[in-house]
Each structure stands twice: as structure tokens, then as C-alpha cells.
Amino acid sequence: MKTIENRGSGADSRAVAEAAEVLRRGGIVIYPTDTLYALGCDALNSRAVERLCRIKGINPERNYLSIVCHDISQAADYARIDNRAFAILRRSLPGPFTFVLPSATALPKVFRGRRSVGVRIPDCDFARALAEELGHPVMTSSAVPADADDDYDASEADGASVALDFDGFSEIELAVDAGCCAGIPSTIVDLTDSTEPEIIRQGAGELSL
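Everything numeric in this text was worked out from a predicted model, so none of it was measured. (Residues numbered from 1 in each chain as written. Predicted model: local features only at pLDDT ≥ 70, side-chain atom pairs only at ≥ 80, totals over all residues. Heavy atoms only, no water.)

Caption draft 1: Main features of the packing of aromatic side chains. Here the structure, examined in full by the defined rule, presents one aromatic pair. A ring pair is formed by Phe97 and Phe99, whose centres lie 5.5 Å apart and whose planes are at 20°; its orientation type is stacked. Across this residue pair, the class does not change: Phe97 and Phe99 are buried. (Phe/Tyr/Trp six-rings, centres within 6.5 Å; stacked < 30°, edge-to-face > 60°. Buried < 20%, exposed > 50% of the residue type's maximum accessible area, 1.4 Å probe, protein only.)

Here it is in C-alpha cells:
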């Protein structure tokens, strides 16, 4: 696995370009977000998505599949966002949230058996720049074991920042080292019915309705 650095504020254009090129080739990268480090691949490459799910131990039929987008406009091409949902996203993003929205037909077949998709627009310049450089969303999953995702309880988290950890991810082509991330996963909000938003998992973000 190759490692490159993107230290300090902002997104280094060379690091972004190199990571995006790995994604275009069907590879998987570890990259920083505003919550945890994440595994990412090209969300429109079905084989790459299936490979990421296998590496992470995700069952696409049971687990939420999430995408990182550059902005709400990009997200609207892949998720159906009504006026109420748009208002909530506009108030909350960029930020440490995953909003579960009705999926659109632009996503590949691995998503199509599901009626929803998780949308992230992190408060992290590198993550957003990666989606912008790629030209479409990055399929994403936190770089921790799948059972840790499922069992996460914010009341037990100490909020300690976390550094890049390669353990268990030997098949990854590239890692982008940005130092420490926040160490608390995103808050997951179900917006499939925007009239009744539901917090599925309380994480780093405090939702304001």
C-alpha cells in the first residue's frame, strides 16, 4: 500500500488527483473525513463497490451503503431530495452527518436493490475535493471493522482523535495520511420520509430541525 500525506488545512491538489486516479482505475483508498478515516471507491464502478463491501465485510442487502458527495447539487443526481430534506441538508452540511435518502436510478446495480442511500458531505476539504475531482460520488465506509460500526454507542465514545491505522486493510492501493481525525462516527439520520426525520445513530453531529 502506498501512503501519501495531506497534512494541514485544505486539500493538496496533487494528493487529491492521485487518489482520484486510483479510484478511476477501480482501486480503493483510505482517506480522511471529518469523523473517521474511510475506505472509498468509485461509487459508479460496480466491481469496485462489491470489492469494498467484501474487504469491509459489508452485506449490501443488510447494511446501509453510503456515498460522499462534493455538495448537495452532486448528491441530488444520486438521491431524491425533496424540499423539506433539502432544507435540513442545507442547514447541516458540510458536517458530520449521514442522511439516508431515497435512492435515484443513477447508482450502479449493487445499490439498486435498495430504496435508500446514505449521503455524506463531510466538513473535510479533502473528502469533498476527492468527489469533485472524480466527478461523481465516492462509495464510502468507515475504516473500522463492520461490527464496530453496527455496535457504536456515542455514549461510550471518549471523542479521542484517531490516526491512520492500516491494520486489516492490506488490499488497499492508497492511503492518504492527514494526521488525526475526530474519532467519532457520523450521526445517521433517516430522511426517507422528510416529514418525520429519525436519528438512527447519534454520533458527532447534533441535528437541528
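Caption draft 2: Layout of the layout of surface pockets. Quantified by volume, the second largest pocket comes out at close to 150 Å³. The wall of the second largest pocket is formed by Asn6, Gly8, Ser9, Gly10, Pro32, Thr33, Cys124, Asp125, Phe126, Ala178, Cys180 and Cys181. A breakdown of the residues in the lining of the second largest pocket according to their chemical character gives six nonpolar, five polar and one charged. (1 Å grid on protein atoms, 1.4 Å probe; cavity = no way out; pocket = protein on both sides within 12 Å on 5 of 7 lines; lining within 4 Å. Points joined across faces, edges and corners; volume = space filled by probe spheres on them. Nonpolar A, V, L, I, M, F, W, Y, C, P; charged D, E, K, R; others polar.)

Caption draft 3: Examining the nonpolar core more closely. One finds Phe99 and Val119 to be the most contacted residues of the largest nonpolar core, which totals 39 residues. Those elements giving two or more residues to this core turn out to be β3 (38-42), α2 (46-56), α3 (72-75), α4 (83-92), β5 (97-102) and β6 (116-120). Looking at this core, the element that brings in the most residues is α2, giving five residues. With sequence-adjacent residues up to four places away left out, Phe99 is seen in contact with Ile88, Leu89, Ser92, Leu93, Val117, Gly118, Val119, Val189, Leu191 and Leu207. Counting 21 residues, the second-largest nonpolar core is a separate cluster that includes Val29, Tyr31, Leu174 and Val176. (Core = buried A, V, L, I, M, F, W, Y, C linked by side-chain atoms within 4.5 Å. Helix = DSSP H or I, 4+ residues; strand = E, 2+ residues; numbered from the N terminus. Contact = heavy atoms within 4.5 Å.)

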